[in-house]
Amino acid sequence: MRPVHWVGTARKDLKEFPAEVQHMVGYALYLAQTGGKHPAAKVLKGFGGAGVLEVVEHFDGNACRTVYTVRFAEAVYVLHAFQKKSRRGIKTPAGDLEVVRSRLARAREAHLALVATREE
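Residues numbered from 1 in each chain as written. Predicted model: local features only at pLDDT ≥ 70, side-chain atom pairs only at ≥ 80, totals over all residues. Heavy atoms only, no water.

Visitor: Describe the nonpolar core, with residues and values.
Guide: Counting 17 residues, the largest nonpolar core has F17, L29, V55 and Y68 as its most contacted members. Elements that contribute at least two residues to this core include exactly α1 (10-15), α2 (19-33), β3 (52-59), β4 (62-69) and β5 (76-84). Sort the elements by how many residues they give to this core and α2 lands first, with six residues. The next biggest cluster of nonpolar side chains, apart from the first, holds 14 residues, and it includes L44, A75, Y77 and V100. (Core = buried A, V, L, I, M, F, W, Y, C linked by side-chain atoms within 4.5 Å. Buried < 20%, exposed > 50% of the residue type's maximum accessible area, 1.4 Å probe, protein only. Helix = DSSP H or I, 4+ residues; strand = E, 2+ residues; numbered from the N terminus.)

Here's what the structure looks like:
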């Protein structure tokens, strides 16, 4: 089973979601750790393939979103967790996409460092 690594404030932000949402996201991450995919997990467009996924759970009129990557064989990296309050479209806000891009770069660096230490 691959470990889960949290990037930035993703873990703290997820802890602010309602318990029901946290439970669903936790199960989605467990499936990712074991090589599976939750039915609610969808590819986040704009990141070059199926390696960056988003789980969306609607709760009390808001969309709770968690973005993670399975690009790296050794671990699952949780990149971002946020609430999209407006239902005026399903598109992910540009600011949140920038957070994901930045944290994906940080996850890539952390992954390369992890692999390098294992090879020594």
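Visitor: Explain the sheet that holds β3 to me, using residue names and the numbers behind them.
Guide: A sheet is described by the order of its strands in space; here five strands give the open sequence β1-β5-β4-β3-β2, paired in mixed fashion. Two strands close off the open sheet at either side, each with one partner strand: β1 (4-6) and β2 (41-43). Sheet twist, expressed as the mean angle between neighbouring strand axes with direction ignored, is 35 degrees. Pairing between β2 and β3: three bridges, direction antiparallel. Across the sheet, A41 pairs through a bridge with V55, a residue of β3. (Pairing = 2+ DSSP bridges. Axes fitted to C-alpha atoms, helices over the stretch in contact; angles between N-to-C directions.)

Visitor: Mind laying out the environment of L14, listing which residues take part and the relevant values?
Guide: As for its position among the elements, L14 is in helix α1. A relative accessible area of 8% means that L14 is categorised as buried. Beyond its immediate sequence surroundings of up to four residues, L14 is in contact with W6, Q22, V25, T66 and A81. (Contact = heavy atoms within 4.5 Å.)

Visitor: So, the packing of aromatic side chains: which residues are in play, and what are the values?
Guide: Tallying each qualifying case throughout the model produces two aromatic pairs. Pairing F72 with Y77 gives two aromatic rings, centres 5.5 Å apart and planes at 90 degrees, and the pair type is edge-to-face. (Phe/Tyr/Trp six-rings, centres within 6.5 Å; stacked < 30°, edge-to-face > 60°.)

Visitor: Residues and numbers for the pattern of salt bridges, please.
Guide: In the structure shown here, the tally under the stated rule is four salt bridges. E98 is paired through a salt bridge with R101; the nearest N and O atoms lie 4.0 Å apart. Of this pair, E98 and R101 are both found in helix α3 (residues 94-119), three residues apart, which corresponds to roughly one turn of the helix. Given the relative accessible area of 39%, R101 is considered partly exposed. Salt bridges here are not isolated pairs; linked through shared partners, they connect K12, D13 and E16. (Salt bridge = Lys/Arg side-chain N within 4 Å of Asp/Glu carboxyl O.)

Visitor: So, the environment of A63: which residues are in play, and what are the values?
Guide: Its place among the elements puts A63 in strand β4. Along the primary structure A63 and V21 are separated by 42 residues, whereas in three dimensions their C-alpha atoms are 9.9 Å apart. Aside from chain neighbours lying at most four places away, what touches A63 is V56, E57, H58, F82, Q83 and K84.

Visitor: Quick rundown of a nonpolar patch on the surface? Include the residues and the values.
Guide: There is a patch of nonpolar side chains on the surface, built from M1, Y27 and Y30 and spanning about 370 Å² of accessible area. In this structure, Y27 sits in helix α2. Exposure remark for Y27: the relative accessible area of 43% places this residue in the partly exposed category. (Patch = residues over 30% accessible without salt bridge, like charges linked within 9 Å, V, L, I, M, F, W, Y side chains within 5 Å. Areas by Shrake-Rupley, 256 points an atom, 1.4 Å probe, with all protein chains shown as cover.)

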